[in-house]
Each structure stands twice: as C-alpha cells, then as structure tokens.
Amino acid sequence: KNEVEQSPQNLTAQEGEFITINCSYSVGISALHWLQQHPGGGIVSLFMLSSGKKKHGRLIATINIQEKHSSLHITASHPRDSAVYICAVERSDKLIFGTGTRLQVFP
Amino acid sequence: DTGVSQNPRHKITKRGQNVTFRCDPISEHNRLYWYRQTLGQGPEFLTYFQNEAQLEKSRLLSDRFSAERPKGSFSTLEIQRTEQGDSAMYLCASSPGSSGNTIYFGEGSWLTVV
C-alpha cells in the first residue's frame, strides 16, 4: 500500500464545474504539499499546508491532521486547469508523492 | 526570479554510456533535492543536500548514481554505465531551508537510454 493515496486517478469535467481531489496518507508528516504538473514535466507548488485551510484564487486546500486526509478543490474549473495534480507529504525532510490525479476540463 | 534550472532538458544515450545532469537552484536556497519520475508515476526521492553536505541517499540510488554539490550552489547527478531502466525524468528541486517551506521544482531532465 502506498504511503500517499490519491483519488480519483483520472477526472474529467466540464468548464465551470466544482472539482475535488482527495489525498490520504498513512505516515506522520510535518507538512502536505499540493503540486501541479503540466505535460512536459514542470511542477509548480500550489499549496503547503500543516493545518486548516488555504485559498488562492479559485483553488482551496484543506487538511485534517487527525484523519490524515487532505482535499484540493477547484471552483469554476477552466480548460487551463487541465494538468496532473499531485499530493506530496513531507516527512524526515523529504517529500513522498502520490501518483497524481489527471484532470481534464473540457469547454 | 530565474527559478530552478536544469540541463540538459533531454538526453538520449546508448546503454552503457555515462550521463551527467546539472541543476542550478534558486540562489541562496540551502536545500537541493533530486527526484526521479517515470511515466504515470509520482516522483521518487533520490537524494538531497543541505548546502554542500549530502544528507541522505535513497536505497533506489545504486552505486552507478552519484550526486555532488561541491560549493553548496549547483549540483550534478551522474549516472554511470546507464541501463534502460534508468530512462526517466530527473527532477531537481530547491527550498530555503528545513521542512515546512515551499519547494521549487525545475523543469526536469528527460533521459532515454536506448
């Protein structure tokens, strides 16, 4: 069993839909990161969380430390949001990554 | 803000050859990480540096892999006697310090071993 599990693995949506990606982890962590990866490889950090909730534009990330669970929400999704979203937990000074959620948003 | 720079971006090499990748982190970032990513998978930790000190190496990193960060600035990752299983994207990332900081990734270096 992977230490970081994401669901769903693939997600398609129509433009404007509200999207939720889930991440569960099984180890103690110091922080959780949500990352975005576009085709070609580059990874961009979206959020770094150790508790509670953060919001940046149309993106919201929450974490429940007791339940070892985090969610990434995208409101009013847009085709440019199409990417792979990766959850990564920070443990012992390094990141352990989930396998990612591939999101496609259609006009 | 020049970001984390990696080169070459793409490398095709014959099995058995040596390859070297370079990473230039964001200036003054103490931490530098190397990860490897294969298609359809999340990145896997390889090694990391605090300044010039290599603090940890993954068991994934065989003796054919070596990484250096000689002056605590740029880093190199060398793979000797490449094998087809080494084909992957090699990602470099840097951060200002210890845990709980935003981590900045490079664009990655794609390696294809033929």
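Reading the values: the criteria
Residues numbered from 1 in each chain as written. Chains lettered and ligands numbered in written order. Predicted model: local features only at pLDDT ≥ 70, side-chain atom pairs only at ≥ 80, totals over all residues. Heavy atoms only, no water. Contact = heavy atoms within 4.5 Å. Salt bridge = Lys/Arg side-chain N within 4 Å of Asp/Glu carboxyl O. Helix = DSSP H or I, 4+ residues; strand = E, 2+ residues; numbered from the N terminus. Nonpolar A, V, L, I, M, F, W, Y, C, P; charged D, E, K, R; others polar.

Caption draft 1: The interface of chain A and chain B, seen in detail. The interface of chain A with chain B comprises 20 residues on the first partner and 23 residues on the second. Viewed at the interface, chain B and chain A are joined by two salt bridges. The partner of Asp93 of chain A in a salt bridge is Arg31 of chain B, and the shortest N-O contact between them spans 3.5 Å. The set of elements that each furnish at least two residues to the side of chain A that touches chain B consists of strand E4 (31–37), strand E5 (43–49), strand E9 (83–91) and strand E10 (94–97) of chain A. The element that contributes the greatest number of residues to the side of chain A that touches chain B is E4 of chain A, accounting for four residues. When its residues are assigned to classes, the side of chain A that touches chain B shows seven nonpolar, 10 polar and three charged.

Caption draft 2: Quick peek at the environment of Gly85 of chain B. Considering the arrangement of structural elements, one finds Gly85 of chain B in the loop between strand E8 (75–79) and strand E9 (88–95). Along the sequence, Gly85 of chain B and Val113 of chain B sit 28 residues apart, while their C-alpha atoms lie 7.8 Å from each other.

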